[in-house]
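Next come the chains, spelled out residue by residue.
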Amino acid sequence: MKLNEDFSDEILNAFIDEQLDHDERVQILSALRHDEVLTQRICDLQKIRNLVQLAYSQKEIVPEHQLPATEMHQSSLRKGVAASILIVTGILGGWFSHQQLTTENNLVQYAQTIRNNPAISEHETWQVMLHVSHNEARRFKVLLNETENLLATYKKNNQPVHIEILANGKGLDLIKDESSPHSIKLKQLKAKYNNLIVSACGQTLQRIKKETGKSVALIPEANVVRSAIYQISKRQKQGWTYIHI
Amino acid sequence: MYNTRMNPISLFCKSREFKQQLELLRPRLYRLAFSWTQDHALADDLTQDALAKALKNSNQLRDSKKQDSWTFGILHNCYRDYFRKQKQLENIDDFNLIDEHQPETDYEHYSITEAVRNAVSKLPDNQRQILTLVDLEGFSYADVAQILDVPTGTVMSRLCRARKALASKLLHYADKTDKTVALRRIK
C-alpha cells in the first residue's frame, strides 16, 4: 500500500479537484483509511480551496449591473427591448459587411414599431440610449445620422423623445473637443435639440488620464457619468431602450 | 454627409442561444476578472471587452459545448493584452513577492475574506489565474490548459505552488481565528 510520502502535492491537488482516474482515486482513498498525515494534507488543500471560494463568493463580488438581464429588474424589460439586448457589441461590423443601409430601416421605424405596441401609451416619451464604444467613422456617421433623423421626425410629429448618446472606450473620440466633423455635428445637434443628452464614461476618462498623464478635453455639451456600465444599467432600470452602435 | 440608415432590429440577429449563454457568463467573467485584478473598474472593463470580442468572433467557436472555456480564454487574452499595453506583465512564476500585510500580523483588522483576497492578490499572476479558474469556475486541468495555452503539467505545478503559498499564510491565520480546529504542521 502506498504511504503519505508516496503522494506528491500535485497528485493530492488533482485528487481534491477530481482530476484523477478511478484507480488513482482508489489508491488515495485506501491510504486515507490508515494515514492521518495524508488525511491532514488533503484537509488542508480542501480548506484552502474553500477559503478561496468563500472569499470570492459571487453574491459578494458581482454588482447588480453585471448580473444577467433576467436576474435584474423585470421592469427594465419594458417594451420588450432593453435588457434583452444588453450586449450587442460587435454585431454592427458584420452587419455592415452584409447589408446595405436603406431608408426603410432606421431608428424612426424602430420607434414606430415600439409605439405600435398597445401597451405603450401614445403620449409616453420614448427614451433611447445609443451607446458607442468604437471609433470607426462609419459608426459615428450612422449614430449621428440616425439621431438627427429621429429627433427631427419626432419634433415634426410633436411626439416626445429623449435620446442619450453614451461614449466609452474608443467611442470617446466622438465627443472629444478636437473639431472633427463628428464632434461639430454633435455640437450642432445638441444646440438644436434640448432633448439630446451626451454622456462620457468617467472610468474611461480616468484610465486615459492614468495611462497618458493627460486629461481628455470633451465638447462642453458632454456630461461625465460614473461609468458606461453604470449608466446603461441605470437607464435600463428607468425603462430606456438600449442600442449599441 | 450623413445619408445612411440602419435597422437596429437587424443588429440583434446573432444566435439568441449564444447571446443568452454569454449573458449568463457575465457575472462569472466579472468575478474572475475581479479575482485577477482586485479592481472593480478594471474587472468591469475586462468583462465588457471579453463579451464584445466573444460576440464579434462568435463564428470562431466551433463547438458550442466549449463556449464557456472559449469565452474565458478571451477574457484571459483581454487581461494579458491590457497588461501588455501597460508594460506591467512579467513572467514572475518563480518570483517571490513580498507581502507587507501578513494576515497573521494584522488579522485583527481584516476579515478572513479580505485576508484570502490579499493573499491571492500576492500570488504570481499565472498562478492566480490557474487557481481561480479551478477553484472558482471548476474548470478541469485540461480546460485550464486550453484557456491559458499552457501544458497541463504546468497547470498542475502552478496550482500546487499557488495553494502551497496560500496555505503558508492562511492556514496559520485560520488556525488563530478558529481555535476549535486543530491543524497539524506537515512540513
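Residues numbered from 1 in each chain as written. Chains lettered and ligands numbered in written order. Predicted model: local features only at pLDDT ≥ 70, side-chain atom pairs only at ≥ 80, totals over all residues. Heavy atoms only, no water.

For E18(A), which is not glycine, the phi dihedral falls at a positive 55°. Mapped onto the elements, E18(A) comes out in the loop between α1 (9-16) and α2 (22-32). According to the relative accessible area criterion, E18(A) is exposed, its value standing at 62%. Of note, the phi angle at D149(B) is positive, near 60°, even though the residue is not glycine. Of note, D149(B) is situated in the loop between α7 (141-148) and α8 (152-177). (Helix = DSSP H or I, 4+ residues; strand = E, 2+ residues; numbered from the N terminus. Buried < 20%, exposed > 50% of the residue type's maximum accessible area, 1.4 Å probe, protein only.)

Let us look at the pairing of strand β5 (residues 241-244) of chain A. All names here are of chain A. Burial of the side chains of β5 extends over both faces: T241 and I243 are buried on one face and Y242 and H244 on the other. The sheet contact formed by strand β1 (residues 126-132) and β5 spans four bridges and is parallel. Paired with L130 across the two strands is I243, which belongs to β5. (Pairing = 2+ DSSP bridges.)

With that settled, the discussion passes to the confidence of the model for chain B. Regions with low pLDDT carry predicted coordinates that are not meant to be interpreted in detail. Residue and element names in this part refer to chain B. The pLDDT averaged across chain B works out to 78; a share of 70% of its residues lies at or above 70. Every residue in residues 94-98 is under pLDDT 50, and counting partners more than four places away or in other chains gives five contacts. This stretch, residues 100-109, has a pLDDT under 50; its non-local contacts, to residues over four places away or in other chains, come to 15 contacts. Under the prediction, the complex receives an ipTM of 0.72, its pTM being 0.50. (pLDDT = per-residue confidence, 0-100. Contact = heavy atoms within 4.5 Å.)

Two packed helices can be described by the angle between their axes and the distance between those axes. All names here are of chain A. Across the interface, α1 lies against helix α3 (residues 36-55) with an axial gap of 10 Å and an inter-helix angle of 60°. Relative to α3, the element α1 is oriented oblique. The two elements α1 and α3 meet at a crossing, and its hand is right-handed. The residues of α3 that touch α1, namely those facing D9, L12, N13, F15 and I16, are L38, R41, I42, L45, Q46 and R49. Its residues placed into classes, the contact of α1 with α3 shows six nonpolar, two polar and three charged. (Axes fitted to C-alpha atoms, helices over the stretch in contact; angles between N-to-C directions. Parallel < 35°, antiparallel > 145°, perpendicular 65-115°, else oblique. Left-handed = near helix turned anticlockwise from the far one by under 90°. Nonpolar A, V, L, I, M, F, W, Y, C, P; charged D, E, K, R; others polar.)

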